Structure formats: C-alpha cells, structure tokens
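# Structural overview for review
Here's the letter readout for the chains.
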Amino acid sequence: MIRTITFKLQLPDGGSTALLDTMRAYSMAFSASALWGFENHTWNKVENHKATYQAVREAVPDLPSSLVQGARDCACEALKASRCKSLPEQKPLAAMRYNQRVITVNLIHGIATIASVQGRIKATFPISEYHRQYLSWTVTSSTVSYDRRKGVFYLHISMDHPDVEPVQEVRVLGIDRGIVNVAVCSDNSFFNSRRVKNVRAKYAHLRTELQSKGTRSATRKLRRIAGRERRFVTDTNHCIAKQITNSDFTVFALEDLSKIRVQKRRSKSFNRKLNTWSFHELEQFLRYKAEALGKQILQMDARYTSQKCSVCGHTYKGNREGSSFQCRKCGFQLHADLNAARNIAQAGISCLSRLPVNQPNVACR
C-alpha cells in the first residue's frame, strides 16, 4: 500500500538559491536525455544512459549523479508515455525526483538532508498529529517541488506499508457517477452536486468581474481566490468517498469512465461541464480509502448501464428520458441514476463470480 504525504520545507539561509540552481540543472539533464531519446525514437534507459550520461555530467558537473540518473529515468518514462511521438518538455523549476541515496528523511524529528549543486542542505518540516500514523512506514522515494507564486518548497514523500488484510465478507455496492448527482449508490444513497455547482458558478462570476476590471487590486484578489474552488471540490469528494467506503459494503463497483472526455455532437456548454467534472478525483479517493480498509474496487463496462432495466434486463435507448427511467417491456419505473447504479452492482456481482474473491482493483468487460 503506497501513500504520498506532503510537507512544507523550511530551509536555511542560501538553501532556496541552492535548490533553485539544482532544479535548473536537473531540467537541463532531463532535456538532454529527452532530446536524445526523441531523436533516436527510444525510451530504453540503458541506451539513453550510455549515450547521454557523460555529456550531461560535463554540462552540469555539480549535479549529483543520482539526480542525473533520476532526470534520465523521468525523461524515458515521458518518452514511453507519448510513444516518442512528441518531445517531452520540462520547465526550468519543475519538480525533482530523489532516491534514498541523495535525500535522508527523518519523520520522527522532521528533518531532511537534501543533495544539491552546493552540497547537502538540512531542511526541517513540521510533523502534525495526522502524519504520525506514518512513522512506522517505509520511505520509498521523495520529490521536491517549488511553488513560484508562494515562493515555497514542498517535500512529497512516498511511503510503503504492508497490505491490509482483505475483508472476507462480500457485499457489493454499485456507484453511478454523474454531473447532476456526483454519485448515486445502489443502496438508494444520493450525493447531489447542487452545492458544488453553486460554488463553481459563484467563482466563475467573480473571476469574470475581476478580469474585466484589470486593475492591480483585482489582480491581487484573483491571486487570493485562486485554488479555493479546487480545494472546495476536493474536500467534497473526500467527504463523499469517506462516507461511501466507511459503509457496510466491502466491494465497490464503478463504471470505467476513462474515455468519457471523447465527446462528439455535443454543445460547448455540455463539454465544458463534462471537462470540469471531477469524476477521476472521486475514483482515486475511493480507491485509496477502500484499500486502507481492506476493501475492493471493481471497474465495470459503462455501456448501456443507463438504458438497461435493472429488473428484467431489457435494454432500449428510449427507456431513459432525462432523470426518469421506465422500462418499455415490464413497466418498471425508477430514478435513472439509481437504476444505473443497480445495474453496475449486478455487473460487479457477476464479475466477482468469475474472479477470486479477494482480487483487488480489477476491471471487468
């Protein structure tokens, strides 16, 4: 079980300058490896290392070798993700990946020694009561990032913990995610998006007014409100995920919405709503919270879940009209999202019958 926790770093005098110089050198190493891999159409790390390591060490001699190799690995991973169809680019002050040879983290005392182009930097960070639950976990990797707007460095630590014992009892809950309702569960639970939409509309109106003014005070106000909307939506998704995963159900079936953004013949306003819909964030929260409790997540095929009758199985596009569902065959009536959630739950039960009971985080077609 992997978790990533974030701390705000407190650096000594000269530490900020050293880390900024290190980030620039790291980006140069990344760009050199990415360019060679793109020109040679390969993301093989060994070949990239043989071709670029010596040149990069000469170009940025003060950058620790482990960071040179880390930049190379990140470049190769970016090339692999794009299948070498585009040249990966990294900003001069982008985040740096550290391994255990170039950073030492002491969670008990809140101290980190970080390698830089000017030697080791001893930074401190506060440990809250919440973070103390991770003191016995194992640090696997670390990332240092910089917020230019705030002028603050952050340390992101990935922690590993032995897997939680899976829950033996099997109780499946189907979850239908949407725009009108953030989530509708097969146990008749509804999580409405009205409050989220109202908050987003408020901030959209406020941004429009401030941008139209264009004054310095308006610009300062825009900076102050930046991120508030995002934090509100994130908190809402956290609360929904926590309430769902803390229920008596042990298996949560979700639709596979990985292709949901591919929309044709839709209005611009609908696509705008769809592309600001935080369905993926809610899924991520459900996954890690369920994993911590020894519960499972199943991904189901999303096709026809809103058109199929959850009672007789009749599938017809005309069964659904807006938020109402009425089966043209058996006459069954229900809220369309709740009917879809029940179909997802039934698909999850069928999926489990073909898989080992404790197999986590699987997808069924």
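Heads up: these notes are all about the structure in this document. The structure displayed is predicted, hence computed values, not measured ones. (Residues numbered from 1 in each chain as written. Predicted model: local features only at pLDDT ≥ 70, side-chain atom pairs only at ≥ 80, totals over all residues. Heavy atoms only, no water.)

## Here's the deal with the nonpolar core
Note the cut-off: We call a set of buried Ala, Val, Leu, Ile, Met, Phe, Trp, Tyr and Cys residues a nonpolar core when their side-chain atoms join them within 4.5 Å. Only protein chains enter the accessibility calculation, which uses a 1.4 Å probe; a residue is then buried when its area is under 20% of its type maximum, exposed when over 50%, and partly exposed in between. Going along the chain from the N terminus, every DSSP run of H or I of four or more residues is numbered as a helix, and every run of E of two or more is numbered as a strand. Here, two residues are considered to be in contact whenever any of their heavy atoms come within 4.5 Å of each other.
With 44 residues, the main nonpolar core has Y98, I114, F125, V144, L155 and I157 as its most contacted residues. Of the residues forming this core, the biggest block, nine residues, is contributed by helix α1 (residues 15–39). Apart from the residues lying within four places of it in its own chain, the contact partners of I114 are L9, L19, Y98, V102, I103, G119, R120, I121, A123 and V144. Listed in part, the 17 residues of the second largest apolar core include V182, A183, F249 and L254.

## Things to note about the pairing of strand β3 (residues 103–106)
Rules: A pair of strands is labelled paired if DSSP reports no fewer than 2 bridges between them.
Burial of β3 is one-sided: the residues I103 and V105 facing one way are buried, the residues T104 and N106 facing the other way are not. Looking at chain direction, β3 and strand β4 (residues 111–116) are connected through four bridges and run antiparallel. Bridge pairing in β4 places N106 opposite I111. Linking β3 to β4, which pair antiparallel, is a turn of four residues; within it G110 sits at a positive phi near 70°.

## Brief notes about the sheet that holds strand β14 (residues 324–326)
Keep this limit in mind: Under this scheme, a helix contributes an axis fitted over its contacting stretch, all axes are lines through C-alpha atoms, and angles between N-to-C directions fall in the 0 to 180 degree range.
The antiparallel open sheet is built from three strands, whose spatial order is β13-β14-β15. The outermost strands of the open sheet, each flanked by one partner alone, are β13 (320–321) and β15 (333–335). In terms of strand pairing, β13 meets β14 through two bridges, oriented antiparallel. Residue pairing across strands places R320 opposite F325, the latter belonging to β14. Sheet strands in contact with helix α9 (residues 336–353) are β13, β14 and β15, and its direction is about 95° off that of β15.

## Some words on the state of the cysteines
To be explicit about the condition: Defined by distance alone, a disulfide is two cysteine sulfur atoms within 2.5 Å.
Within this structure, the stated rule accounts for zero disulfides. The thiol of C309 is not disulfide-bonded; the next cysteine sulfur, from C312, is found 3.7 Å away. Looking at the unpaired C327, the closest cysteine sulfur is the one in C312, lying at 3.5 Å. Exposure remark for C327: the relative accessible area of 3% places this residue in the buried category.

## With respect to the packing of helix α6 (residues 228–245) against helix α8 (residues 279–292)
Quick note on the threshold: Working definition: roughly parallel below 35 degrees, roughly antiparallel above 145 degrees, roughly perpendicular at 65 to 115 degrees, and oblique for all remaining angles. For any helix crossing, the convention is left-handed if the near helix is rotated counterclockwise from the far helix by under a right angle, and right-handed if that rotation is clockwise.
At their nearest, the axes of α6 and α8 sit 9 Å apart, and the two run at 40° to each other. It follows from the interaxial angle that α6 and α8 lie oblique. Where α6 crosses over α8, the two elements pack in a sense that is right-handed. Every residue of α8 that contacts α6 at R230, V233, T234, N237, H238, I240, A241, K242, I244 and T245 is listed here: E281, L282, F285, L286, Y288, K289 and A290.

## Notes on unusual backbone geometry
Negative phi is the rule for most residues except glycine; trans is the rule for most peptide bonds. The backbone of C84 sits at a positive phi, close to 60°, despite the residue not being glycine. Relative to the assigned elements, C84 resides in the loop between α3 (65–82) and β2 (96–98). Here N188, not a glycine, exhibits a phi torsion of approximately 75°, which is positive. When you line up the elements, N188 lands in the loop between β9 (181–185) and β10 (190–192).

## Overview of the side chain of S310
For S310, the location among the structural elements is in the loop between β12 (296–300) and β13. Among the residues examined, S310 registers a relative accessible area of 11% and is labelled buried. Not counting the four nearest positions on each side in its chain, S310 is found in contact with F332, N339, R342, N343 and Q346.

## Brief notes about the environment of S158
Position of S158 among the secondary structure elements: in strand β7 (residues 152–160). Along the backbone, S158 and I349 are 191 residues apart, and their C-alpha atoms lie at a distance of 34 Å. Those residues in contact with S158 that lie beyond four places of it in its chain are R3, T4, T138, V139, T140 and S141.

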